[in-house]
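Read off the chains here:
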Amino acid sequence: VARNEWTIEGWVNLTNALHLTNNVTLGGPILVRQRPATPIAGSLVNYGLGVSPQGVELWFNDPKVAGNPDSDDPAFELIRSYQPLSPAVFHHVAGSFRQVSSNRVELKLYVDGVLTRQAALPGILTNTLDLAQPENLVLSLGTNTVGYPSLGGLRGFNGVIDDLSFYRRALSDE
């Protein structure tokens, strides 16, 4: 039986760690994806946490939901912090997903221990990942081959990701 809540959290540092000389955009995606046995259009990016100098994003993709005005992105169930992250220092980022009713998911986004955004968006978490098919789950750290919502279409993470954790529960504000 799939749990109806979970959290992703970790530390990020928006720095040009590879010392690239071109005008590189810092940040990028951290994703959990699943390739379903029976593909559904739009079902490849199931959950994500994205970071850029412009802010932090948290999203999920219920393939049975087609956009919502409460979302900060027309294609995903997404919330955004809109608070720029300082470059060259570590920031703690966390996001939780919790099924709060039969058709609404609460998303909470934290930056450096402060709740920066929350919303209850339409969707059902059990539509997004099938834990009975763990062989089809893919954890993509710092890379995204299927495109990325907003943040300029970043396809890789430029910076440092450290101490990334996943919890099978929505962590409390403490």
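> Explain the overall build of the chain here, please?
Helix and strand counts for the chain come out as zero helices and ten strands. When the helices and strands of the chain are placed in sequence order, the string is β-β-β-β-β-β-β-β-β-β. Long-range contacts, defined here as pairs at least 24 residues apart, represent 65% of the contacts in the chain between residues at least 6 apart. For the chain, the computed accessible surface area is about 8500 Å², with 53% contributed by carbon and sulfur atoms.

> What is the right way to read the sheet that holds strand β1 (residues 5-13) from this model?
Sheet strands associate in pairs through backbone hydrogen bonding, adopting either a parallel or an antiparallel arrangement. Strand order in this open sheet of five strands is β8-β7-β6-β1-β10, and the pairing throughout is antiparallel. Strands with a single pairing partner mark the edges of an open sheet, and in this sheet they are β8 (114-122) and β10 (160-167). Averaged over all pairs of adjacent strands, the angle between their axes in this sheet comes to 15°, without regard to strand direction.

> Teacher, can you tell me more about the packing of aromatic side chains here?
The geometry of an aromatic ring pair is captured by two quantities: the separation of the ring centres and the angle between the planes. This structure, assessed with the given rule, holds five aromatic pairs. One aromatic cluster is present, formed by W6, Y47, F60, F97 and F166 through successive ring pairs.

> So what exactly am I meant to see when it comes to the environment of K108 here?
Note that K108 resides in strand β7 (residues 104-111). A residue is classified by how much of its surface remains accessible, and K108, at 17% relative accessible area, is buried. Between the alpha carbons of K108 and T7 there is a distance of 9.2 Å; along the sequence they are 101 residues apart. Discounting residues that sit within four places of it in the chain, K108 has contacts with L58, I79, A94, G95, S96, L115, R117, Q118 and D173.

> Any chance you could explain the pairing of β7 here in plain terms?
Look at any regular strand and the pattern is simple: side chains alternate between the two faces of the sheet. Most of β7 is tucked away, with seven of its eight residues classed as buried. Of the pairings in the sheet, the one linking β7 to β8 comprises eight bridges and is antiparallel in character. For V111, the partnering residue across the bridge sits in β8 and is V114.

Conventions we followed
Residues numbered from 1 in each chain as written. Predicted model: local features only at pLDDT ≥ 70, side-chain atom pairs only at ≥ 80, totals over all residues. Heavy atoms only, no water. Helix = DSSP H or I, 4+ residues; strand = E, 2+ residues; numbered from the N terminus. Contact = heavy atoms within 4.5 Å. Areas by Shrake-Rupley, 256 points an atom, 1.4 Å probe, with all protein chains shown as cover. Pairing = 2+ DSSP bridges. Axes fitted to C-alpha atoms, helices over the stretch in contact; angles between N-to-C directions. Phe/Tyr/Trp six-rings, centres within 6.5 Å; stacked < 30°, edge-to-face > 60°. Buried < 20%, exposed > 50% of the residue type's maximum accessible area, 1.4 Å probe, protein only.

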